[in-house]
Amino acid sequence: MAAVGTLAKHEQILVLDPPTDLKFKGPFTDVVTTNLKLRNPSDRKVCFKVKTTAPRRYCVRPNSGIIDPGSTVTVSVMLQPFDYDPNEKSKHKFMVQTIFAPPSTSDMEAVWKEAKPDDLMDSKLRCVFEMPNENDKLNDVEASKSAPVLNTSKQDGPMPKPHSVSLNDTETRKLVEECKRLQADVMKLSDENRHLREEGLRLRKVTHSDKSGSPTALALRENGSNPLPSLLVVIAAIFIGFFLGKFIL
């Protein structure tokens with residue numbers, strides 16, 4: 001019975017996922033990360049720390065801590081780049097060591113130093129290196145090719161319909177009448193502009209023939225070069241084009 005009690009003390013209280021093997025999938029030209037989940041199914045806090053036989057080859061975060069009852073902690077194990085030899089088997093191992101947390105956990109280093117061997121629980125995991133097979137490579141290539149296609153299909157979706165303005169017969173007639181009125185105004189302004197140009201030419205001839213330089217001649221020159229009617233014609237034409245393009249066409 002004593003032997004059974006001693007064995008029960010050393011049984012790991014945490015549930016590890018994966019339980020026995022840490023698998024790292026190559027290529028190993030860059031950092032390869034695998035996750036180890038530690039779940040505490042008990043009703044007590046559990047202290048843990050992660051050890052390895054090759055500390056220079058791995059980076060572990062977090063490598064120690066406290067897990068609350070019913071909680072899970074994910075430990076990231078990062079394998080540093082190296083030259084992979086498929087004929088060489090990995091001898092690297094990890095150990096997860098645990099102990100039930102004492103009432104005071106302010107100094108974790110002291111907790112581990114003062115822990116009794118009978119209170120310690122541990123689980124060992126071996127490291128397994130795997131190179132991707134041909135099917136995995138093909139899947140990666142297909143996934144990389146399909147990614148732009150998915151983006152393109154989203155872009156090639158149905159385009160939003162342009163906003164259309166519907167006009168009833170009364171509004172249409174009003175717009176047509178307004179355009180006709182503007183056209184008549186343009187014709188009227190064009191006639192006035194032509195008349196003013198003719199008058200300007202006549203006044204310039206009179207100005208050239210008049211060498212007295214009187215104020216009357218100067219006033220006539222100013223009246224003959226007034227560009228205001230031409231500007232009104234341009235503005236009216238712009239308004240007509242705007243109404244025709246937006247509502248009629």
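Calculation rules
Residues numbered from 1 in each chain as written. Predicted model: local features only at pLDDT ≥ 70, side-chain atom pairs only at ≥ 80, totals over all residues. Heavy atoms only, no water. Helix = DSSP H or I, 4+ residues; strand = E, 2+ residues; numbered from the N terminus. Buried < 20%, exposed > 50% of the residue type's maximum accessible area, 1.4 Å probe, protein only. Contact = heavy atoms within 4.5 Å. Phe/Tyr/Trp six-rings, centres within 6.5 Å; stacked < 30°, edge-to-face > 60°. Pairing = 2+ DSSP bridges. pLDDT = per-residue confidence, 0-100. Axes fitted to C-alpha atoms, helices over the stretch in contact; angles between N-to-C directions. Polar contact = N/O pair within 3.5 Å; in protein donor to acceptor, adjacent residues only side chain to side chain. Core = buried A, V, L, I, M, F, W, Y, C linked by side-chain atoms within 4.5 Å.

Participant: Can you help me understand the overall build of the chain in this one?
Facilitator: Helix and strand counts for the chain stand at six helices and nine strands. Each of the 249 residues in the chain was classed as buried or not, and the buried ones make up 24%. Intrachain contacts of the chain at a sequence separation of at least 6 include 72% that bridge at least 24 residues.

Participant: Just to check I follow, could you spell out the packing of aromatic side chains for this structure?
Facilitator: Aromatic ring pairs: the centre-centre distance and the angle between the two ring planes describe each pair. According to the stated counting rule, one finds eight aromatic pairs in the structure shown. Ring geometry for Phe24 against Tyr58: centres 5.7 Å apart, planes inclined by 50°, an arrangement best described as tilted. Here Phe24 is found in strand β2 (residues 21-25), whereas its partner Tyr58 is found in strand β5 (residues 58-61), with 34 residues between them in sequence. Like Tyr58, Phe24 is buried. Ring geometry for Phe28 and Phe129: centres 5.5 Å apart, planes at 55°, overall tilted. Remark: Phe129 occurs in strand β9 (residues 121-130) and Phe28 occurs in the loop between β2 and β3 (32-39); sequence separation between them is 101 residues. The residues Phe28 and Phe129 share a single accessibility class, namely buried.

Participant: Quick question: what am I supposed to make of the pairing of strand β8 (residues 93-100) here?
Facilitator: The two faces of a sheet get side chains in turn, since along a regular strand they alternate between them. Within β8, six of the eight residues are buried, leaving the element largely enclosed by the surrounding structure. Across seven bridges, strand β4 (residues 46-52) lies against β8 in antiparallel orientation. Looking at β8, one finds that Val50 is bridged to Val96.

Participant: Help me out: how do you make sense of the confidence of the model for the chain in this one?
Facilitator: Summary statistics for the chain give a mean pLDDT of 77 and a share of 65% for residues scoring 70 or more. Low pLDDT (under 50) marks residues 1-8, which in the prediction has zero contacts with non-local residues, meaning those over four places away or in another chain. Across residues 161-166, where pLDDT falls below 50, the model places zero contacts with residues more than four positions away in sequence or in other chains.

Participant: Which parts of the structure should I look at to understand the sheet that holds strand β6 (residues 64-67)?
Facilitator: Whenever strands of a sheet pair, they do so through backbone hydrogen bonds, lying parallel or antiparallel. Spatially, β2-β9-β8-β4-β6 is the arrangement adopted by the five strands of the open sheet, whose pairing is mixed. Single-partner strands in this sheet number two, and they are β2 and β6. The mean inter-strand angle of the sheet, taken between neighbouring strand axes irrespective of direction, is 25°. As paired elements, β2 and β9 share five bridges and run parallel to each other. If you follow Lys25 over to β9, its bridge partner there is Glu130.

Participant: Would you take a moment to explain the side chain of Ser123 for this structure?
Facilitator: Looking at the secondary structure, you find Ser123 in strand β9. Among the residues examined, Ser123 registers a relative accessible area of 14% and is labelled buried. Side chain to side chain, Ser123 and Gln12 meet in a polar contact 3.1 Å long.

Participant: Would you mind showing me how to read the environment of Pro102 here?
Facilitator: Mapping Pro102 onto the fold places it in the loop between β8 and α2 (108-114). Sequence spacing of Pro102 and Cys47 is 55 residues, and the spatial spacing of their C-alpha atoms is 8.9 Å. Aside from chain neighbours lying at most four places away, what touches Pro102 is Cys47 and Val111.

Participant: Would you mind going over the nonpolar core with me for this structure?
Facilitator: The tendency in soluble globular proteins is for nonpolar side chains to be buried side by side. Among the nonpolar cores identified, the biggest contains 25 residues, and Phe24, Leu38, Tyr58 and Val75 are the most heavily contacted of them. Of all the elements in the fold, those that place two or more residues in this core are β2, β3, β4, β5, β7 (72-79), β8 and β9. At four residues, the largest contribution of residues to this core is made by β7. Leu38 has contacts with Leu14, Val15, Leu16, Phe48, Ile67, Ser71, Thr72, Val73, Val75 and Val96, leaving out every residue within four places of it along the chain. Counting six residues, the second largest nonpolar core, distinct from the first, contains Ala101, Trp112, Ala115 and Leu120.

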